[in-house]
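# Summary of structural features
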Amino acid sequence: MEMDQLVALCKRRGFLFQSSEIYGGLQGFWDYGPMGVELKRNVREAWWRDMVTSHNELVPPPGAPSCYEMVGLDCAIIMHPQVWKCSGHYDLFHDLMVDCRESKRRYRYDQIQGRWVEAKGQTIFVCTESQGPEAMEDLQHKALRFFNLRSKEADELRWQGPIVSLPTLEGEGGKGQGEGGGPVYDFSRVLGPDAKTLGTLTAPREFNLMFKTIVGALGGEEDAAFLRPETAQGIFVNFKNVLDSTRVRVPFGVAQLGKSFRNEITPRNFTFRSREFEQMEIEFFCHPEHSRAWYQYWRDRRYRWYTDLGLAGQRLRLRDHSPEELSHYSCGTADIEYAFPFLAAGDFGELEGVAHRGDFDLRSHSEGKLVRQGETLVVEQDPQGKPKHRGSGKDLSYFDDLTKERYLPHVIEPSAGADRATLAFLCEAYCEDEQPDESGKPTKRVFLRLHPRLAPIKAAVFPLVKKDGMPEIAKEIYASLKPHFTAFYDEKGAVGRRYRRQDEVGTPFCITVDGQTLADGTVTIRDRDTLRQWRVKKEDCAAEIRGRLGI
Ligand code: GAP
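Fair warning: this is a prediction, and the values are worked out from it, not measured in the lab.

The rules behind these values
- Residues numbered from 1 in each chain as written.
- Predicted model: local features only at pLDDT ≥ 70, side-chain atom pairs only at ≥ 80, totals over all residues.
- Heavy atoms only, no water.
- Near = heavy atom within 4 Å.
- Polar contact = N/O pair within 3.5 Å; in protein donor to acceptor, adjacent residues only side chain to side chain.
- Areas by Shrake-Rupley, 256 points an atom, 1.4 Å probe, with all protein chains shown as cover.
- Helix = DSSP H or I, 4+ residues; strand = E, 2+ residues; numbered from the N terminus.
- Nonpolar A, V, L, I, M, F, W, Y, C, P; charged D, E, K, R; others polar.
- Pairing = 2+ DSSP bridges.
- Axes fitted to C-alpha atoms, helices over the stretch in contact; angles between N-to-C directions.
- Parallel < 35°, antiparallel > 145°, perpendicular 65-115°, else oblique.
- Left-handed = near helix turned anticlockwise from the far one by under 90°.
- Contact = heavy atoms within 4.5 Å.
- Phe/Tyr/Trp six-rings, centres within 6.5 Å; stacked < 30°, edge-to-face > 60°.
- Buried < 20%, exposed > 50% of the residue type's maximum accessible area, 1.4 Å probe, protein only.
- Salt bridge = Lys/Arg side-chain N within 4 Å of Asp/Glu carboxyl O.

Looking now at the site of the ligand. Around the ligand sit 19 residues in total, of which E230, R262, S274, E281 and E350 are the nearest. In this structure, an oxygen atom belonging to the ligand sits 3.0 Å away from a side-chain N or O atom of Q279. For the ligand, a nitrogen atom lies 3.5 Å from a polar atom in the side chain of R420. Contact with the protein chains removes 89% of the 550 Å² of surface that the ligand exposes when unbound. Ranked by residues supplied to the shell around the ligand, first place goes to strand 24 (residues 410-417) with 4 residues. Residues of the shell around the ligand, tallied by class, amount to 5 nonpolar, 5 polar and 9 charged.

Laid out in structure tokens, this is it:
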């Protein structure tokens, strides 16, 4: 499947629209249309139900070291600014970016790639933002334009080495040592992705990804606050509230689902990297001695969630981070990754990270922002020897009244993105086949093989023709389905075309009232994937479909 086909279907059938499209759109922001909103709501509800409401705290699930409890939270998007200072986001949550002095465009440093090429006695490094198969095509186009060559003169370009990312040039003349010991970047032979001349890229600079806002009408800089870049911190700062207001005991998990905001330098790949997105996060608190076993449990449990909902086989993988990749706080992280079609063959994009965060977060919000010193974490100090970012001073330890032990729980964090999961389910579901049309001629059929739990509409009801009392019976059936699940009534156009429209949005079942219904009170139910049709009594439709949906 080409990504363009899915993007077109999402727009055509009301899954996703560019935000503020009539004003030209706003990069990195997306609106979910009538179908998309149902799909994403189903993703969120499946997650909440599977992780929180249907979890039985009296029985250990398969693979879990013991029983555990799960509760939820819904925290404010804007929190006290100190939260982000202690969490490390204020100082550390940035990307390196480079600007182009000629095109005035800004790029994420690690997302520019290029290749050395020689022609007409000059060697330059040509850059592109494109990834995957388009990258080489784009590089060739840019090199031809720079050297003033025509397409048929492409063999005058002598490419050297493979395509590499811009940061890899640092060792090859891209970066040297400045007088003060700081790096000096030499991009004089680099042709920026949108530049016509060489040497227009600036040295990389840090860019904090948090959106800043002002709280209150008179607010100045001291009233600056941030839109949360993750939902996780709301859970940590409410740890004590949850303990004091419920009867949960360690081990337990707190789930939160909601919007997060990151001022991404280069939002891209449809909704994959957006500036406003939704997260589905669990902070699981456990005894330090059992934390490795819980980490293993959550890593496998979360992977299974995606396979249970239809992501399968070669396109999904669980990848353990190498020690160099681990965040400053993490003693183990695994990513659940999906081979999105917009990536180069063999590349995977992150759907969810499952991190062993130790006691970093509870300690940070208690003592102040922490830094690693050798093997231990210590409170970071300012030049005067005071904590750089002061914590709340509250005791966030846990007292186990059975063992009489007091300790700071360790945290396992499965952190997923609702939009990325939705996009992966859409990519996986997109199918094409050939089916005979009304006249028996084979024609292309586009359908979404969505898991029935995720499908925006569970069943559509059609009268075969708009007469002989068929619409009345179909409307009765439709009314009997509505209290149980999303249903759609359609009496317009040829029935074959109505089936196709439902296939395109992934409706698993279509019910048709036909001539036989008038004789014996039965209707056909058609399965989206197998196209098999069977008959049931018209009054049994809701029960039949509920049985097949497992609801
Ligand atoms: N609390 C940990 C945390 O936020 P993360 O890896 O930065 O970790 C977790 O984010 C998940 O949130 C990612 O795996 C991804 O699914 C989603 N996510 C992160 N940035 C995103 C973005 N710019 N657009 C869409 N989803 C994003």
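A word on the sheet that holds strand 16 (residues 276-286). One open sheet accounts for 7 strands, arranged 3-15-16-24-19-18-17; its pairing is mixed. Two strands close off the open sheet at either side, each with one partner strand: strand 3 (69-73) and strand 17 (316-320). Across the sheet, the mean angle separating the axes of adjacent strands is 20° when strand polarity is ignored. Bridge analysis of strand 19 (residues 349-358) against strand 24 gives 6 bridges, and the strand direction is antiparallel. In the sheet register, A355 faces strand 24, and the bridge partner there is E413.

Closest axis-to-axis distance for the helix 2 (residues 34-53)/helix 8 (residues 291-308) pair is 12 Å, and the angle between their directions is 140°. Judged by the angle between their axes, helix 2 and helix 8 are oblique. Helix-helix and strand crossings are classified by hand; for helix 2 and helix 8 the assignment is right-handed. Every residue of helix 8 that contacts helix 2 at V43, A46, W47, D50 and M51 is listed here: W298, R301, R302 and W305. In terms of residue class, the contact of helix 2 with helix 8 is built from 6 nonpolar, no polar and 3 charged.

This next bit is on the packing of aromatic side chains. What characterises a pair of aromatic rings is the spacing of the ring centres plus the angle enclosed by the ring planes. For the structure on display, the rule yields 29 aromatic pairs. Seen in terms of ring centroids, F236 and F285 are 6.3 Å apart; in terms of plane orientation they differ by 85°. Their pairing is edge-to-face. Taken together, the residues F236 in helix 6 (residues 232-237) and F285 in strand 16 connect sequence positions 49 residues apart. Neither residue differs from the other here; F236 and F285 are each classed as buried. Their ring planes at 10° and their centres at 5.1 Å tell us that F340 and F342 sit as a pair that is stacked. With relative accessibility at 11%, the residue F342 sits in the buried group. Taken together, Y68, F284, W294, Y297 and W298 form an aromatic cluster joined through their ring pairs.

Quick look at the pattern of salt bridges now. Throughout the structure, instances matching the rule amount to 45 salt bridges. Among the ionic pairs, K369 bridges to D91, the shortest N-O distance being 3.2 Å. Separated by 278 residues along the polypeptide, K369 in the loop between helix 9 (360-367) and strand 20 (370-373) and D91 in helix 4 (residues 89-92) bring together distant segments of the chain. Relative accessible area serves as the criterion here: at 4%, K369 is assigned to the buried category. Where D503 meets R445, a salt bridge forms, and the shortest distance between an N and an O atom there is 3.0 Å. One end of the pair, D503, is in helix 12 (residues 495-504); the other, R445, is in strand 26 (residues 442-448), with 58 residues separating them in the sequence. Assessed through its relative accessible area of 1%, R445 is described here as buried. What you see here is one network of salt bridges that share partners, running through D95, R108, D110, E264 and R273.

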